[in-house]
Amino acid sequence: MGKNKLYRRQLEGQKQALAEHLATIAKEREKPERQQDQGLIAHWEKTVANCRQQITKLERRLNL
């Protein structure tokens, strides 16, 4: 498999993971303020930041 094809597959996977993580954060924030787990939200926000960095890196490799 060529590198571009591999990068495109990785990029799609990262985009899918990003969407799932953003949905998880939104689901947690829908809860009343007292029931929200701020530690969990912080964890997912870090994961989202990591996904965005990976997406940027893969797009740079693909010259997008």
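Residues numbered from 1 in each chain as written. Predicted model: local features only at pLDDT ≥ 70, side-chain atom pairs only at ≥ 80, totals over all residues. Heavy atoms only, no water.

Caption draft 1: Expanded view of helix α1 (residues 3-29). The end-to-end C-alpha distance of α1, which contains 27 residues, comes to 39 Å, matching closely the 39 Å that a straight helix rising 1.5 Å per residue would cover. For α1, the set of buried residues is Y7, L11, A17, L18, H21, I25 and E28. The secondary structure elements touched by the buried residues of α1 are α2 (38-61). (Helix = DSSP H or I, 4+ residues; strand = E, 2+ residues; numbered from the N terminus. Expected span 1.5 Å × (residues − 1). Buried < 20%, exposed > 50% of the residue type's maximum accessible area, 1.4 Å probe, protein only. Contact = heavy atoms within 4.5 Å.)

Caption draft 2: Structural context of a positive patch on the surface. A cluster of basic residues, K3, K57, R60 and R61, forms a positive patch on the protein surface. Ranked by residue count, the leading element in the positive patch is α2, at 3 residues. Following the sequence through the fold, K3 ends up in helix α1. Relative accessible area serves as the criterion here: at 63%, K3 is assigned to the exposed category. (Patch = residues over 30% accessible without salt bridge, like charges linked within 9 Å, V, L, I, M, F, W, Y side chains within 5 Å. Areas by Shrake-Rupley, 256 points an atom, 1.4 Å probe, with all protein chains shown as cover. Salt bridge = Lys/Arg side-chain N within 4 Å of Asp/Glu carboxyl O. Lys, Arg positive; Asp, Glu negative; His and termini not counted. Charge placed at Lys NZ, Arg CZ, Asp CG, Glu CD.)

Caption draft 3: Spatial organisation of the nonpolar core. Ranked by size, the top nonpolar core spans 11 residues in total: Y7, L11, A17, L18, I25, I41, V48, C51, I55, L58 and L62. Those elements that provide at least two residues to this core are α1 and α2. Those residues in contact with Y7 that lie beyond four places of it in its chain are L58, R61 and L62. (Core = buried A, V, L, I, M, F, W, Y, C linked by side-chain atoms within 4.5 Å.)

Caption draft 4: Spotlight on the pattern of salt bridges. Counting across every chain of the model gives 2 salt bridges. Here K31 and E28 are joined by a salt bridge, their closest N and O atoms 3.2 Å apart. Where E45 meets R29, a salt bridge forms, and the shortest distance between an N and an O atom there is 2.4 Å. Of this pair, E45 sits in helix α2 while R29 is found in helix α1, placing the two residues 16 residues apart along the sequence. Here E45 falls in the partly exposed class, since its relative accessible area comes to 37%.

The quantities given are spatial measurements derived from coordinates; they are silent on function.
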